[in-house]
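So the chains spell out like this:
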Amino acid sequence: MSHASVLKAAQMRAAEQAAFDRGVDPYALMECAGKAVAQIIWRAGHRRDLLVLCGPGNNGGDGFVVARLLRERGVPVRVAALSESGTDSARRARAAWDGPVEDVMTTAPATQVVDALFGIGLSRGLDGAVAQRLGALVESAVASYAVDLPSGVGTDCGTLLSDVPRFGVTIALGAWKPAHLLQPAAERCGRLVLAPLHIPLASQVERLVAPGLTVPAVTAHKYSRGLVAVIGGGMAGASLLASEAAARSGAGAVRRLAVDGPAGGLHAIIDRHVAQPEALASELDDQRIAALLVGPGLGLGADARARLEAALESGHPMVIDADALTLLAEEHMPSIPSGAILTPHEGEFGRMFGQLSGSKIDRARAAANRSGAIIVYKGADSVVAAPDGRVAVAVGASSWLSTAGTGDVLAGLAAGRLAVTGDPFRAACQAVWLHGDAARRCRPAFVADDLLDALPAAIAARL
Ligand SMILES: NC(=O)C1=CN([C@@H]2O[C@H](COP(=O)(O)OP(=O)(O)OC[C@H]3O[C@@H](n4cnc5c(N)ncnc54)[C@H](OP(=O)(O)O)[C@@H]3O)[C@@H](O)[C@H]2O)[C@@H](O)CC1
Ligand SMILES: Nc1ncnc2c1ncn2[C@@H]1O[C@H](COP(=O)(O)OP(=O)(O)O)[C@@H](O)[C@H]1O
Ligand SMILES: [K+]
């Protein structure tokens, strides 16, 4: 089992059922979950008074186990329930709790609050009064923990089905669920902790994990490390940011194929003037190009369209971003080369793929499947999807990234890592990770240029 696996509710239930079919006792699994949660709370909260809110299902059952185990450790624990317990395991867990059970709606606040109201079984939003009560108890607590999921989030899509407070810690049971990673639910989870359930789980969807990078081979030279070509356009700044990101990504050499004159970028980047189509064609006719980036600052006119067509026809491994995505969304463009990396933000995604159904993960997957390309569906919860179904979801990106030019940096990074690895899915995942890590290393209110300076440290941390 991967500690990065992301499972929908039905997949989680199927994994649990498979374990039960092999002879695992359902109540033993609940005890295992409750023990793991209690351990995490004990380490964080010690003996401070604690209130466990229990719902009618197995999430509530976990809550009763947590309450019992923490009281055995000397924590002053109170329990409040919404109703009677409705499953065999939950009834057993409740029977093993020999303290009083208060009413969620009238119980007094506590220093620590545990939300064991609803987990993956939530089928609709909480009643308004219950949601309000949960919010008040969480907000008045010093420490708050959600068992498996904050009550009120849609497990598979990450939407809020009713008002959900922001928790300090969410303890995911067995595997991550989409709601732990997708906005707006992810932001309500607070710090994420995974409690293993020791049952086999498999998923093509994973949380993006830190990549392992390698130093260049002793025999490396600039072309063996990967030559990146970046096609420029009317807006020089965008292709300069992308070129510098590619140059700082670990690639061996970067050429900016620009229509403007020298624009004052890094001396290490070779600027080639390609205002005429023949000049661009001649530059692209170089088999040493290991990755080609088109889109940042490209423009949307006829010249831009011609440059994009030349790029698509060149046959080089590609990253397609920004204006090139908008052009592709229009009619009469050549088809997207299979294995290309596309990096749309929400608006570009909508223009390219229209209204797709399902969660952001589902939509990214459908787009990858339809286009044959690696999709980096950007935003506060960036999703990388491959046509073969693999998905990596990034979590915890700095919201300071929402500033002009950071997408150009990501596109350049993706092209650089594509040139280094030759593997588009891996390259896209590495780029998203390094981009997020560089942002974490920057001070608040950073600008896209600052990310470039933070890239070497982000790379060094992964060697
Ligand atoms: N499977 C296992 O053995 C293990 C599972 N584990 C734990 O179990 C959790 C899943 O448990 P679960 O399937 O019982 O669902 P749960 O989230 O407790 O809620 C279902 C109940 O809530 C009700 N209900 C739903 N929405 C409602 C609403 N808005 N307002 C009011 N009621 C609402 C719903 O009723 P209904 O929809 O039928 O009306 C049903 O009664 C999982 O997240 C993990 O914590 C671990 O212990 C490991 C072992
Ligand atoms: N609120 C946010 N939280 C975290 N990351 C964000 C947020 N908004 C944008 N980003 C990231 O910042 C980058 C912005 O890219 P993009 O929208 O293409 O901007 P630009 O075109 O100005 O370069 C993407 O990598 C995206 O994932
Ligand atoms: K919960």
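Given the structure is predicted, the values throughout are model-derived calculations rather than measurements. (Residues numbered from 1 in each chain as written. Chains lettered and ligands numbered in written order. Predicted model: local features only at pLDDT ≥ 70, side-chain atom pairs only at ≥ 80, totals over all residues.)

K.L.:
Provide a residue-level description of the site of ligand 2, including the pertinent values.
P.N.:
Around ligand 2, the surrounding shell holds 18 residues, and the nearest of these are Lys378, Ala380, Ala397, Ser402 and Gly407. A total of four residues in the shell around ligand 2 trace back to one element, the largest contributor, which is helix H14 (residues 406-421). Within the shell around ligand 2, the residues separate by chemical class into six nonpolar, ten polar and two charged. (Near = placed C-beta within 6 Å. Helix = DSSP H or I, 4+ residues; strand = E, 2+ residues; numbered from the N terminus. Nonpolar A, V, L, I, M, F, W, Y, C, P; charged D, E, K, R; others polar.)

K.L.:
Give me the packing of helix H9 (residues 277-284) against helix H10 (residues 302-314): which residues, what numbers.
P.N.:
Orientation of H9 relative to H10, taken along the N-to-C sense of each, is 25°, at an axis distance of 10 Å. Taken as axis vectors, H9 and H10 run roughly parallel relative to one another. H10 is crossed by H9, and the crossing has right-handed handedness. Note on element contacts: H10 touches H9 through Ala306, Arg307, Ala310 and Ser314, opposite Pro277, Leu280, Ala281 and Leu284. Classifying every residue of the contact of H9 with H10 gives six nonpolar, one polar and one charged. (Axes fitted to C-alpha atoms, helices over the stretch in contact; angles between N-to-C directions. Parallel < 35°, antiparallel > 145°, perpendicular 65-115°, else oblique. Left-handed = near helix turned anticlockwise from the far one by under 90°. Contact = placed C-beta atoms within 7 Å.)

K.L.:
Describe the UniProt feature "binding site: K(+)" (unreviewed entry) in the protein chain, and please don't skip the residues or the numbers.
P.N.:
UniProt records the feature "binding site: K(+)" (unreviewed entry) for Asn59, Asp115 and Ser151 in the present numbering. Spanning 93 residues, the named residues nonetheless gather at one spot, since no C-alpha pair among them exceeds 9.8 Å. Residue position: aspartate 115 is located in strand S4 (residues 112-116). Not counting residues within four places of it along the chain, the set of residues in contact with aspartate 115 comprises Leu53, Leu134, Tyr145, Ala146, Val147, Pro150, Ser151 and Phe167. Along the polypeptide, serine 151 turns up in the loop between strand S5 (143-147) and strand S6 (169-173). A count of 28 C-beta atoms within 10 Å places serine 151 in the buried class. Setting aside chain neighbours within four positions, we find serine 151 in contact with Asp115, Leu117, Phe118, Leu122, Leu126 and Leu134. (UniProt positions renumbered as here; feature names shortened; annotations may be inferred. Buried ≥ 20, exposed ≤ 12 C-beta atoms within 10 Å, placed from the backbone.)

K.L.:
Give me the site of ligand 1: which residues, what numbers.
P.N.:
Ligand 1 sits among 28 residues. The nearest are Gly57, Asn58, Asn59, Gly119 and Gly121. Of all elements in the fold, only helix H2 (26-45) and helix H3 (58-72) reach the threshold of two or more residues within the shell around ligand 1. Per-element accounting of the shell around ligand 1 gives the leading share, five residues, to H3. For the shell around ligand 1, the per-class residue count stands at eleven nonpolar, 13 polar and four charged.

K.L.:
Can you break down the environment of glutamine 183 residue by residue, with the values?
P.N.:
Counting through the fold element by element, glutamine 183 comes out in the loop between helix H6 (178-181) and helix H7 (185-189). Taking the number of C-beta atoms within 10 Å as the measure of exposure, glutamine 183 has 16 and is therefore partly exposed.

K.L.:
How would you summarise the packing of helix H8 (residues 236-247) against H14 if you had to cite specific residues and measurements?
P.N.:
In contact at an axis separation of 7 Å, H8 and H14 are set at 40° when each is read in the N-to-C sense. The orientation of H8 with respect to H14, classified from their angle, is oblique. When you trace H8 past H14, the crossing you get is right-handed. Residues Ala238, Leu241, Ala242, Ser243, Glu244, Ala245 and Ala246 of H8 form the contact with H14, whose participating residues are Asp408, Val409, Ala411, Gly412, Leu413, Ala415 and Gly416. Residue composition of the contact of H8 with H14, by class: nine nonpolar, three polar and two charged.

K.L.:
Pulling in residues and values, what's your account of the UniProt feature "binding site: AMP" (unreviewed entry) in the protein chain?
P.N.:
Sequence positions flagged by UniProt for "binding site: AMP" (unreviewed entry) are, in local numbering, Lys378, Gly379, Ala380, Asp381, Ser382 and Gly407. The largest pairwise C-alpha distance within this set of annotated residues, which runs over 30 residues, is 13.9 Å, so the set is compact in three dimensions. On the secondary structure map, alanine 380 appears in the loop between strand S15 (374-377) and strand S16 (383-385). Since 17 C-beta atoms lie within 10 Å of it, alanine 380 is described here as partly exposed.

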